[in-house]
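Given next are the chains, with one letter for each unit.
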Amino acid sequence: MEITDIRVRKINKEGKMKAVVSVTFDNEFVVHDIKVIEGDKGSFIAMPSRKTLDGEFRDIAHPINSETRDRIQKTVLEKYEMVLLSDDDIVSDEVAVSEEY
């Protein structure tokens, strides 16, 4: 599976969440609401989640293994950095990723 598009929307409010991202795979499947979070050890992504009845948050879409999560996170954070450098609120870019997922 190849990442073919990433859309980054910056969050211009104070707090740890810095952006919301949509990632398209193979020009056929999109995952919305991936969050870019600024943590104590740097930025990371949080997959879309929903609050359960007991108050716990559970991912509603996520990679099955850590290798895929790392690849997605690396690509998303690279695009997020492009947004910061370009000073645009939204960046959409076709992504050519040679590695398959």
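Further up the page is the structure itself.
Note that this is a predicted model, so its numbers are computed, not measured.

1. As for the overall build of the chain
Argument step 1. Scanning the chain from N- to C-terminus turns up one helix and seven strands.
Argument step 2. Along the chain, helices (α) and strands (β) appear in the sequence β-β-β-β-β-β-α-β when read from the amino end.
Argument step 3. Relative to its full complement of 101 residues, the chain shows a buried share of 34%.
Argument step 4. For the chain, the proportion of contacts with a sequence separation of at least 24, taken over those separated by at least 6, is 39%.
Argument step 5. By element, 49% of the accessible surface of the chain is carried by carbon and sulfur atoms, the whole surface being about 6,900 Å².

2. Considering the environment of Ile3
Argument step 1. Note on placement: Ile3 falls in strand E1 (residues 3-10).
Argument step 2. Residue classification places Ile3 among the buried residues on the basis of a relative accessible area of 0%.
Argument step 3. The sequence separation of Ile3 and Asn27 amounts to 24 residues, and the corresponding C-alpha distance is 8.0 Å.

3. Examining the nonpolar core
Considering soluble globular proteins, one finds that nonpolar side chains tend to be buried as a cluster.
Argument step 1. Val21, Val23 and Val76 are the most contacted members of the largest nonpolar core, which has 17 residues in total.
Argument step 2. Looking at this core, the elements with two or more residues in it are E1, strand E2 (17-25), strand E3 (29-39) and helix H1 (66-86).
Argument step 3. With five residues, H1 is the single largest residue contributor to this core.
Argument step 4. Not counting residues within four places of it along the chain, the set of residues in contact with Val21 comprises Ile6, Arg7, Val8, Val31, His32, Asp33, Ile34, Val36 and Val76.

4. Some thoughts on the environment of Lys79
Argument step 1. As for its position among the elements, Lys79 is in helix H1.
Argument step 2. Spatially, the C-alpha atoms of Lys79 and Arg7 are 8.3 Å apart, while their sequence positions differ by 72 residues.

5. Observations concerning unusual backbone geometry
Argument step 1. Located in the positive-phi region is Asp26, a residue other than glycine, with phi close to 55 degrees.
Argument step 2. Looking at where Asp26 falls in the secondary structure, it is placed in the loop between E2 and E3.
Argument step 3. For Asp26, a relative accessible area of 35% corresponds to the partly exposed category.
Argument step 4. The phi angle at Asn27 is positive, at roughly 55 degrees, despite the residue not being glycine.
Argument step 5. Along the polypeptide, Asn27 turns up in the loop between E2 and E3.
Argument step 6. Judged by relative accessible area, Asn27 falls into the exposed class, the value being 57%.

Procedures and definitions
- Per-chain numbering applies: the sequence of each chain, read as written, is numbered from 1 onward.
- For a predicted model such as this one, the threshold for reporting local features is a pLDDT of at least 70, and the threshold for listing and counting side-chain atom pairs is 80 or more; totals across whole chains, interfaces and linings nevertheless cover every residue.
- Computation of side-chain values: all heavy atoms of the structure, hydrogens and water removed.
- Each helix is a run of DSSP H or I of at least 4 residues and each strand a run of E of at least 2, with the numbering of both proceeding from the N terminus.
- A 1.4 Å probe rolled over the protein chains alone gives each residue an accessible area, and that area as a share of the maximum for its type sets the label: buried under 20%, exposed over 50%, partly exposed in between.
- Contacts were defined at the residue level, with two residues in contact if any of their heavy atoms lie within 4.5 Å.
- Per-residue and other accessible areas were derived by the Shrake-Rupley procedure at a 1.4 Å probe size, with only the shown protein chains allowed to occlude residues.
- In this description, a nonpolar core means a group of buried Ala, Val, Leu, Ile, Met, Phe, Trp, Tyr and Cys residues linked to one another through side-chain atoms lying within 4.5 Å.

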